[in-house]
Amino acid sequence: MTDTTRSRAPLAGTPSLLRAINDRAALELLLANGPLSRTQIGTLTGLSKPTASQLLARLETAGLVVPVGTTAGGPGPNAQLYQVNPAAGYVAGLDVTTTHVRVAVADITGDTLAEHQVTTKGWPAAETVRRVAEAVAETVRQAGLPEGSLHQAVLGIGGALDPVTGRLRYATHLPGWHSPRLVAELTEAVGAPVTVENDVNLAAIAEQAVGAARGSEDFVLLWAEEGVGAAIVIAGRLHRGFTGGAGEVGYMPVPGAPVVHDVRRKNSGGFQELAGAPAVLALARAHGLNAPDAEQAVALALETPGAGEEFLAVLAERIAVGLAAVVAVVDPELLVLAGGVPTAGGERLRELVQDSLARIAMPRPEVRSSTVPGSPVLHGALQRALATARDAVFTTH
């Protein structure tokens, strides 16, 4: 660091640093509480009226807040209300599966402006990045925004980026996503910084922000759909592991399933053979429940006395066997069940999993069902993108 650089760096307690802290606090209050007056901002932040007025003037000049009317009906004159300017920044979230790519665009306040979905059937692997960028561009157009509006995009996918090689691991089922320059290629094609994150981790972010794990800092989310995966949150932070593979429990050997000795070739493992969608569908058919897919089989079981209840009991035991291995290591406060299979099973499957887990595990965390509406992965991608964009936009004015 040069002497010139050192002299320009803000020091603790300097007026510029304090202004930045106050500005950010005011913006967070406006995001959380909606339109506020100068007096209300001063009260909530502990700032004097003159200081609050100066703060709002700075933020308005920077284009970060806008006036949105006045208070009415109270004593004294009406007061001007301010809110965060939605046009201060825009983000995109993407949910990538083996069958489709779903895209959402939101403004800096978190309001979703447009959603768009494209099928990946017939995509040549070499065109994956280009077609993803086209899907994002179409969503931006549907949102009524000009090209180049995005500040950040976050993409959720069933795998994990190796922090050393930059390659996507645990995702041989997703051709076209394995370039060592994947992030750079996506960033260039989309025209905004792109972050690639494990889809189940993003579902956990969504549950922690607005869902079943709100207020919890130690929890595990189990995602059961075509594949099985988990997200681990410890002390409020996602635990990704040394290679990004923490939570890849589909590969985990468990009692009752054959041990797969070459998981890279088969892209599966013990727990996947018990609780993944193909295994769930096979189990349902063994109980006389004929349905086209696992989710519909679980839904049918809820309506079928006898065989349906027997099937759900076995399925819950299978899920609990995998969870028992996880909680023995992590000992979380809470378990969240998410994905198509647990969602289809609803409260009844959740109860059975809770009971089964209590019989076979020493730690007995509460089991909850996901409460995030729509796609938890897409919601989590937007949450992650918003956090990054706000850090950039709110601290550079």
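One can find the structure itself at the top, above this paragraph.
Caption draft 1: Representation of the overall build of the protein in the model. Of regular secondary structure, the protein possesses 14 helices and 15 strands. The principal-axis extent of the C-alpha atoms belonging to the protein is close to 70 × 50 × 45 Å. Burial status across the protein gives 47% buried among its 397 residues. When contacts within the protein are restricted to residue pairs at least 6 apart in sequence, those whose partners lie at least 24 apart make up 57%. As displayed, the protein offers around 18700 Å² of accessible surface, 54% of which is attributable to carbon and sulfur atoms. Taking the average place of the 30 positive charges on the side chains of the protein and the average place of its 38 negative ones, the gap between the two points comes to 6 Å.

Caption draft 2: View of the sheet that holds strand S15 (residues 366-369). A sheet is described by the order of its strands in space; here 5 strands give the open sequence S13-S12-S11-S14-S15, paired in mixed fashion. Two strands in the sheet have a free side with no partner beyond their single neighbour: strand S13 (237-238) and S15. Where strand S14 (residues 334-338) meets S15, 4 bridges bridge the pair, whose relative direction is parallel. Bridge pairing links Leu-334 to Glu-366 in S15. Each of strand S11 (219-224), S14 and S15 touches helix H13 (residues 340-360); the most contacted strand, S15, lies at about 170 degrees to it.

Caption draft 3: Fine view of helix H7 (residues 199-210). In this model H7 runs 17 Å from its N-terminal to its C-terminal C-alpha over 12 residues, within 8% of the 16 Å that 1.5 Å per residue would give. Of all 12 residues in H7, 9 are buried; the element is thus mostly enclosed. When we look at burial in H7, the residues that qualify are Asp-199, Val-200, Asn-201, Leu-202, Ala-203, Ala-204, Ile-205, Ala-206 and Glu-207. The N-cap of H7, judged by a side-chain oxygen 3.0 Å from the amide nitrogen of Val-200 a few residues on, is Asn-198.

Caption draft 4: Region of the structure containing a negative patch on the surface. Together, Glu-217, Asp-218, Asp-331 and Glu-333 line one region of the surface with negative charge. With respect to the helices and strands, Asp-331 occurs in the loop between helix H12 (307-330) and S14.

Caption draft 5: Seen up close, the pairing of S11. Burial analysis of S11 places 6 of its 6 residues in the buried class, the great majority of the element. Burial of S11 is two-sided: the residues Phe-219, Leu-221 and Trp-223 facing one way and the residues Val-220, Leu-222 and Ala-224 facing the other way are all buried. As paired elements, S11 and strand S12 (residues 228-234) share 6 bridges and run antiparallel to each other. Paired with Trp-223 across the two strands is Gly-229, which belongs to S12. If you look at the hairpin formed by S11 and S12, you'll find 3 residues sitting between the two strands.

Caption draft 6: Main features of the packing of helix H10 (residues 277-286) against helix H11 (residues 294-302). Close contact between H10 and H11 brings their axes to 8 Å; oriented N to C, the two are set at 40 degrees. Viewed along their axes, H10 and H11 adopt a mutual orientation that is oblique. For the pair H10 and H11, the crossing hand works out as left-handed. Judged by residue contacts, Ala-277, Val-280, Leu-281 and Ala-284 of H10 engage Ala-294, Ala-297 and Val-298 from H11.

Caption draft 7: Expanded view of the pattern of salt bridges. Scanning all chains against the criterion turns up 16 salt bridges. Ionic pairing is found between Glu-127 and Arg-131, a salt bridge with its closest N-O pair at 3.0 Å. The exposure class of Arg-131 is partly exposed, given its relative accessible area of 25%. Note that Arg-348 and Glu-351 form a salt bridge whose closest N and O atoms lie 3.2 Å from each other. Taken as a pair, Arg-348 and Glu-351 lie in helix H13 at a separation of 3 residues, close to a single helical turn. The exposure class assigned to Arg-348 is partly exposed, which follows from its relative accessible area of 31%. By sharing partners, the salt bridges in this structure join Glu-127, Arg-130, Arg-131 and Glu-134 into a single network.

Caption draft 8: Focus on the environment of Glu-248. Note that Glu-248 resides in the loop between S13 and helix H8 (263-266). With 56 residues separating them along the chain, Glu-248 and Thr-304 place their C-alpha atoms 33 Å apart. Every residue in contact with Glu-248, bar those within four places of it in the chain, is listed here: Gly-159, Tyr-170 and Asn-198.

Here is what the cut-offs are and how they apply
Residues numbered from 1 in each chain as written. Predicted model: local features only at pLDDT ≥ 70, side-chain atom pairs only at ≥ 80, totals over all residues. Heavy atoms only, no water. Helix = DSSP H or I, 4+ residues; strand = E, 2+ residues; numbered from the N terminus. Buried < 20%, exposed > 50% of the residue type's maximum accessible area, 1.4 Å probe, protein only. Contact = heavy atoms within 4.5 Å. Areas by Shrake-Rupley, 256 points an atom, 1.4 Å probe, with all protein chains shown as cover. Lys, Arg positive; Asp, Glu negative; His and termini not counted. Charge placed at Lys NZ, Arg CZ, Asp CG, Glu CD. Pairing = 2+ DSSP bridges. Axes fitted to C-alpha atoms, helices over the stretch in contact; angles between N-to-C directions. Expected span 1.5 Å × (residues − 1). Polar contact = N/O pair within 3.5 Å; in protein donor to acceptor, adjacent residues only side chain to side chain. Patch = residues over 30% accessible without salt bridge, like charges linked within 9 Å, V, L, I, M, F, W, Y side chains within 5 Å. Salt bridge = Lys/Arg side-chain N within 4 Å of Asp/Glu carboxyl O. Parallel < 35°, antiparallel > 145°, perpendicular 65-115°, else oblique. Left-handed = near helix turned anticlockwise from the far one by under 90°.

Limitation: the analysis is restricted to geometry and does not speak to function.
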